[in-house]
Amino acid sequence: MVKDSMNKTLSLLCLSFFLTACGSGSGSGGSDSGSFRLDITGVEKYAVHVSWSAQKEEQGYAIYVNNNRQGGTELTHTTVGGLKPGQRVCIYVRAIEPDPIIGFVGLGSQSKTDCTTTLENRPPLPPSGFIVTQPEEGSILVNWDVPDDDSWIYSYLVYRDDILVGTVYSPQYTDTDTVVGIRNCYQVQAVDNDGASSPRSASTCETEIDTTPPTVPGLPDVNAQAGNGHQVELAWTESVDRFGTTGYRVFRDQIQIADIASPGYFDDQTIVNTEYCYTIVAYDAAGNESVSSESTCILAGWRRLLVEEGLGYSGGEMAVDIHGRVHFAFDSTRYIPEDLYYDNKLRYVVLHVDDSWNASVISDGPGNLAGPAITSDAFGVQHLVYGPSYQNDESGAWSSPVSMSSVDFTGIHDVVVDDQGFAHIIYRSAYGSFDNMSSLVYASNRSGQWEFEVIGQDTNFTMEAAIAIGINDRVHVAYYNDESKVLHHAMRDSGTWTVEPILENVDLVGRIDAAVDSNGSMHVVSYDATDSNLLYAVNDTGSWSVETIHDSGDVGYESAIAIDSNGVVHVLYSDNTNLHVEGNYDSMLRYATRQNNTWTNQIRGTITWPSISYSIRDGVRQYKTSPIGLQVDAVGYIHIMYENNNHLVYSTNRPKL
């Protein structure tokens, strides 16, 4: 047993040696008359595959290629490599058997011989199976199938319109150098490891399509050309597109009214005092449309002019003189970056009838600039009061400030001028020569010097008041007592004050404004904080009646009133809830008129949807629009001043000259 085991081990060791070194000379095979079968099962350029039938008691097989020993194997199949393309090869194997006497291996039976020729070095087939797509704008993706032959593909050459544009090592190519609307035709060549190239593939074509819309047009800025066919002028920031914006579609109240090539449009199909809302959509040559712009609304027949911007407005008043010029005085602050401080100045602006304007500074402090009020008399003279100071421009320039009194001024409320050109003023005084705290004081220079009187006996006057001049220069004052919750009317006739309640048990806040018509009737507007409504009171029947102008949402916190020569009542007021764009923090202007005891335009009376500036609160665009003044000139045109986020804006329905 031990001897047999040693012989077997010796035989295996010798077999291993024999397969690699023993019998290196050529055998006697090469004949097809071998004792067992051998077949060539596969042919490549550089190799052939063979298999044969197994022999009993074999220890392995020696492989012969063209009668030359090529090694051996214990298996019954092998791959003969290292060949050349187009080479003729004949292959057989010989069994390796143990010697029965010495236990050593030797060559046994020989297989039959099988011959073949390796494949020629032919170029690969051209690629096929093309799929062309546009994954994103500005690129075209070309995919294809690997050639269905025995080639070992190394790379692909990609041609666009017969020009080589790229070399890739996988069956796809992304072309980023394309032009929208241009037809691009592609061909591909396969290159194998030997550098042989296939013919070019069939041509595959694709045209790049523009799929990206233009950017959203800017918020339309609208302005009305009052009196000139009541045109509404629109302007907006142009949209941006990779290949250029082709045009813009203009929508009025969600209906398209125009298709134009560039920003800017005049809408002449409008009706005076009718509100219109405009949006803009941009499009490109491929027909891609932008998202619609935000909506901007305007009351037809009204136009707008920016007066000042970037100011911290804290109070002011407007007047219109007999020549139709608009005067505005206001207390403001402006940040001076180079000096790192805020200036405090009393500024004065004159808007001429041709829409040219002049701005100047009347007082640059320090001092009391509180509550500036201005009015124009029948002679075209302007009267200005601020703090305890009074000035006029009767000489063609502003006179030197005259201190009316040493009484402590905590705010000028209003000023009017009678038919003789004398000023009448009301203001609040907290301390001074009057014993009553928070008194409402009346002052006038009708006697040639300033005289002062306390109106009523109210000791907690905290709200603004309004003054107006009526028939025979009667002075009318509307004021509110925050302690008694009573809205009062005070009338001065022949040196005597008569005070009566207009409305009792009411919580009023914000501004009070008043006007007297040609019949001597008093008209008052104010804000009811309990119901958030805009109230109107009138004594045209001999007693006071109160109406609600607008009761939808939070309206009327700030308001102004004027009466024209035909007795039509005009009211300007703020609306903090009924908005045209998403958000709960915006406010806009509303306008209402009263004629023959009927209110009109109280709901859809937006003077202009302000687009001059805005801020962001909780991610929502926020407009803050506050009415400042409302005047009717001698011809009947309306003049409005309002603030929009530190921008002073003037609006009118007077025709542009």
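So, how was this worked out
- Residues numbered from 1 in each chain as written.
- Predicted model: local features only at pLDDT ≥ 70, side-chain atom pairs only at ≥ 80, totals over all residues.
- Heavy atoms only, no water.
- Helix = DSSP H or I, 4+ residues; strand = E, 2+ residues; numbered from the N terminus.
- Buried < 20%, exposed > 50% of the residue type's maximum accessible area, 1.4 Å probe, protein only.
- Contact = heavy atoms within 4.5 Å.
- Areas by Shrake-Rupley, 256 points an atom, 1.4 Å probe, with all protein chains shown as cover.
- Phe/Tyr/Trp six-rings, centres within 6.5 Å; stacked < 30°, edge-to-face > 60°.
- Lys NZ or Arg CZ within 6 Å of the ring centre and 35° of its normal.
- Pairing = 2+ DSSP bridges.
- Axes fitted to C-alpha atoms, helices over the stretch in contact; angles between N-to-C directions.
- Core = buried A, V, L, I, M, F, W, Y, C linked by side-chain atoms within 4.5 Å.
- Disulfide = S-S within 2.5 Å.
- Salt bridge = Lys/Arg side-chain N within 4 Å of Asp/Glu carboxyl O.
- Polar contact = N/O pair within 3.5 Å; in protein donor to acceptor, adjacent residues only side chain to side chain.

Colleague: I would appreciate a short explanation of the overall build of the protein chain in the present structure.
Modeller: Looking only at helices and strands, the protein chain features one helix and 52 strands. Residues counted as buried form 51% of the 657 residues belonging to the protein chain. If you take every contact in the protein chain between residues at least 6 apart in sequence, the share linking residues at least 24 apart comes to 53%. Of the roughly 30100 Å² of accessible surface on the protein chain, 48% is carried by carbon and sulfur atoms.

Colleague: Looking at this structure, how should I read the packing of aromatic side chains?
Modeller: What characterises a pair of aromatic rings is the spacing of the ring centres plus the angle enclosed by the ring planes. Counted under the stated rule, the structure contains 13 aromatic pairs. Judged by centre distance (5.6 Å) and plane angle (75°), the rings of Y154 and Y169 are edge-to-face. Residue Y154 is found in strand 11 (residues 153-160), and its partner Y169 is found in the loop between strand 12 (163-168) and strand 13 (172-175); the two are separated by 15 residues along the sequence. On the basis of an interplanar angle of 75° and a centroid distance of 5.4 Å, the ring pair of Y527 and Y557 is categorised as edge-to-face. With a gap of 30 residues between them, Y527 in strand 41 (residues 522-528) and Y557 in strand 44 (residues 555-563) connect regions that are remote in the sequence. Taking the relative accessible area as the measure of exposure, Y527 reaches 6% and is therefore buried. We classify Y557 as partly exposed; its relative accessible area is 38%. An aromatic cluster of at least three residues, connected via ring pairs, comprises F36, W52 and Y61. The ring of Y159 has R200 lying over it, and the distance from NZ or CZ to the ring centre is 3.8 Å. The ring of Y283 carries the charged tip of R249 above its face, separated from the ring centre by 3.9 Å.

Colleague: Before we go on, may I ask you to explain the sheet that holds strand 45 (residues 569-575) in this structure?
Modeller: Sheets are built from strands that pair by backbone hydrogen bonding, the pairs being arranged parallel or antiparallel. Strand order across the open sheet formed by four strands is 44-45-46-47, with antiparallel pairing between neighbours. Strand pairing shows two members of the sheet lacking a second neighbour, strand 44 and strand 47 (598-600), which therefore form its edges. Across the sheet, the mean angle separating the axes of adjacent strands is 25° when strand polarity is ignored. As judged from the seven bridges shared by strand 45 and strand 46 (residues 588-595), these two strands associate in the antiparallel manner. The residue of strand 46 that forms the bridge with V569 is R594.

Colleague: Which parts of the structure should I look at to understand the nonpolar core?
Modeller: Grouped together as the largest cluster of nonpolar side chains are 16 residues, with contacts concentrated most on L487, I512, M522 and V524. Breaking this core down by element, the ones donating at least two residues are strand 36 (466-469), strand 37 (475-481), strand 40 (508-516), strand 41 and strand 42 (533-538). When residues in this core are grouped by element, the largest group, four residues, is from strand 40. Beyond its immediate sequence surroundings of up to four residues, L487 is in contact with Y479, Y480, E500, P501, I502, L503, L508, I512 and V524.

Colleague: Even after reading the chapter, I still don't get the environment of T117, so can you show me in this structure?
Modeller: Locating T117 in the fold gives a position in strand 8 (residues 114-117). Taking the relative accessible area as the measure of exposure, T117 reaches 34% and is therefore partly exposed. T117 sits 28 residues away from V89 along the chain, and the two C-alpha atoms are 6.0 Å apart.

Colleague: Can you help me understand the state of the cysteines in this one?
Modeller: What the rule picks out here adds up to two disulfides. Here C185 engages in a disulfide with C205; their sulfurs sit 2.0 Å apart. Taking the sign of the S-S torsion, 105° for the link of C185 and C205, the bridge is right-handed. Of this pair, C185 sits in strand 14 (residues 183-192) while C205 sits in strand 15 (residues 204-207), placing them 20 residues apart in sequence. Judged by relative accessible area, C185 falls into the buried class, the value being 19%. For C205, a relative accessible area of 24% puts it in the partly exposed group.

Colleague: Just checking my understanding: could you explain the sheet that holds strand 19 (residues 255-260) for this structure?
Modeller: Judged by pairing direction, the sheet is antiparallel, and its four strands sit side by side in the order 19-18-21-22 without closing on themselves. Every other strand in the sheet has two partners, leaving strand 19 and strand 22 (296-299) as the edge strands with one partner each. Each adjacent strand pair in this sheet contributes to an overall mean axis angle of 30°, direction not counted. Of the pairings in the sheet, the one linking strand 18 (residues 245-252) to strand 21 (residues 275-284) comprises seven bridges and is antiparallel in character. Counted as the bridge partner of T245 is D284 from strand 21.

Colleague: How should I be thinking about the pattern of salt bridges in this particular structure?
Modeller: Between side chains of opposite charge, a pair can form as their charged atoms come close. Evaluated as defined, the whole model comprises 18 salt bridges. For R200, the salt bridge identified is with D162, shortest N-O distance 3.4 Å. Pair noted here: R200 is in the loop between strand 14 and strand 15 and D162 is in the loop between strand 11 and strand 12, with a separation of 38 residues, a long-range link. Across the pair R252 and D267 runs a salt bridge whose closest N-O atoms are separated by 2.7 Å. With R252 in strand 18 and D267 in strand 20 (residues 265-267), this residue pair connects regions lying 15 residues apart in the sequence. One salt-bridge network, held together by shared partners, links R160, D175 and D177.

Colleague: Can you walk me through the pairing of strand 6 (residues 88-98) in this structure?
Modeller: Within a regular strand, side chains alternate between the sheet's two faces. Relative to strand 6, strand 3 (residues 61-65) runs antiparallel, the two being bridged by five bridges. Bridge pairing links Y61 to A95 in strand 6. As judged from the four bridges shared by strand 6 and strand 8, these two strands associate in the antiparallel manner. The partner of V89 across the bridge, within strand 8, is T116.

Colleague: Would you mind showing me how to read the pairing of strand 39 (residues 496-504) here?
Modeller: Alignment of strand 38 (residues 486-493) against strand 39, held across eight bridges, turns out to be antiparallel. Directly across from V486, in strand 39, lies its bridge partner E504.

Colleague: Would you mind going over the side chain of S239 with me for this structure?
Modeller: Tracing the sequence through the fold places S239 in the loop between strand 17 (231-235) and strand 18. Judged by its relative accessible area of 6%, S239 is buried. Only 2.8 Å separates the side chain of S239 from the backbone oxygen of T215, close enough to count as a polar contact. Those residues within four positions of S239 in sequence are excluded, and the remaining contacts are P214, T215, V216, P217, T245, Y248 and A282.

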